[in-house]
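Residue strings, one per chain:
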Amino acid sequence: MLIGLTGGIGSGKSTVSALLRARGVPVIDADEIGRAALTAGSPLLPEVVEAFGSHILDDQGQLDRRKLRAEIFSSPTRREQLNRLVHPYIARQRDLEIDRLRANHSVLFYDAALLLESEARTLMDAIVVVACEPEVQIRRVMERDGISRQQAVDAINAQMSLEGRLACADYVIDNNRDDMAHLEKQVDELLALLTQQAGRHTPQEK
Ligand SMILES: CC(C)(COP(=O)(O)OP(=O)(O)OC[C@H]1O[C@@H](n2cnc3c(N)ncnc32)[C@H](O)[C@@H]1O)[C@@H](O)C(=O)NCCC(=O)NCCS
Ligand SMILES: Nc1ncnc2c1ncn2[C@@H]1O[C@H](COP(=O)(O)OP(=O)(O)OP(=O)(O)O)[C@@H](O)[C@H]1O
């Protein structure tokens, strides 16, 4: 089973992914693939620099991720421009990783904030939404990334609403509380259900 894991920025997808991985369940991460796509030396970086300008590079020629992030969250046109350049690469890598992992795992996850807005949605056997109220997202993203409230709000507004996501969910993980034990319990319950559905046991942590 290929399970889509999604949720708004700062909702806790990576935190849930870490809990899944600690339980031996593989997670393909769209953000990780996106980061690899724009490292110095990658063929995509020059295309992004051509589209956005060399001011998005730092003194060492690396992508200044904070700068590019500020640009795409304050301009839908800029965001679509970046998506057009990077999303085909993410999709190709995702499909390669799915093929590689499927051979040995009965349950695997694909973690992507934009899952429900993309074609990837049709590949998933089920959708898990990490649900978090916007105020909690804003607080967590401001703390994690050291950005202003307005930047956090802009990022949330660039994505599907919580209501929109919940309407697509087969399973919801509530991550409004700052309570890791509560989150772990939900992850364990989800895995028990999926393992049962897959008809086989997931690999145990080594
Ligand atoms: C703009 C970039 C350089 C900012 O990098 P940064 O290290 O600050 O953030 P990171 O990549 O960890 O993303 C953090 C979160 O921002 C949100 N986000 C990122 N890109 C987008 C986007 N194009 N549209 C909406 N939300 C986005 C997601 O919730 C994501 O989980 C980077 O996010 C990027 O290259 N984005 C384009 C690729 C993409 O769409 N990635 C998300 C795949 S789901
Ligand atoms: N249950 C929780 N209790 C306390 N802190 C949490 C909890 N869940 C997440 N956090 C914290 O909130 C922040 C956002 O979580 P995380 O990075 O997992 O979100 P995300 O959905 O992966 O974000 P993004 O869309 O930006 O990739 C992190 O600093 C994380 O440590």
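- By the naming in an unreviewed UniProt entry, the chain is Dephospho-CoA kinase, taken from Desulfurispirillum indicum.
- Regarding the chain, the UniProt comment filed under Pathway (unreviewed entry) reads as follows: "Cofactor biosynthesis; coenzyme A biosynthesis; CoA from (R)-pantothenate: step 5/5."

1. Digging into the UniProt feature "binding site: ATP" (unreviewed entry) in the chain
Moving on, step 1. Summarizing the sequence annotation, UniProt attributes the feature "binding site: ATP" (unreviewed entry) to G10, S11, G12, K13, S14 and T15 in the numbering used throughout.
Moving on, step 2. Inspection of the secondary structure puts G12 in the loop between β1 (2–6) and α1 (13–22).
Moving on, step 3. With 23 C-beta atoms packed within 10 Å, G12 lands in the buried category.
Moving on, step 4. On the secondary structure map, S14 appears in helix α1.
Moving on, step 5. When the 18 C-beta atoms within 10 Å are taken as the criterion, S14 is described as partly exposed.

2. With respect to the sheet that holds strand β5 (residues 171–174)
Moving on, step 1. Read from one edge to the other, the open sheet built from five strands follows the order β2-β3-β1-β4-β5, with strand pairing classed as parallel. The open sheet has two free edges, formed respectively by β2 (27–29) and β5, since each of these has just one partner strand. On average, each strand axis in the sheet is tilted by 25° relative to the strand beside it, whichever way the strands run.
Moving on, step 2. Alignment of β1 against strand β4 (residues 126–131), held across four bridges, turns out to be parallel. When the sheet's bridge partners are listed, T6 is paired in β4 with V129.
Moving on, step 3. Along the sheet, helix α9 (residues 180–198) contacts β1, β4 and β5; its crossing angle with β5, the most-contacted strand, is approximately 165°.

Criteria and cut-off values
- Residues numbered from 1 in each chain as written.
- Chains lettered and ligands numbered in written order.
- Predicted model: local features only at pLDDT ≥ 70, side-chain atom pairs only at ≥ 80, totals over all residues.
- UniProt positions renumbered as here; feature names shortened; annotations may be inferred.
- Helix = DSSP H or I, 4+ residues; strand = E, 2+ residues; numbered from the N terminus.
- Buried ≥ 20, exposed ≤ 12 C-beta atoms within 10 Å, placed from the backbone.
- Pairing = 2+ DSSP bridges.
- Axes fitted to C-alpha atoms, helices over the stretch in contact; angles between N-to-C directions.
- Contact = placed C-beta atoms within 7 Å.

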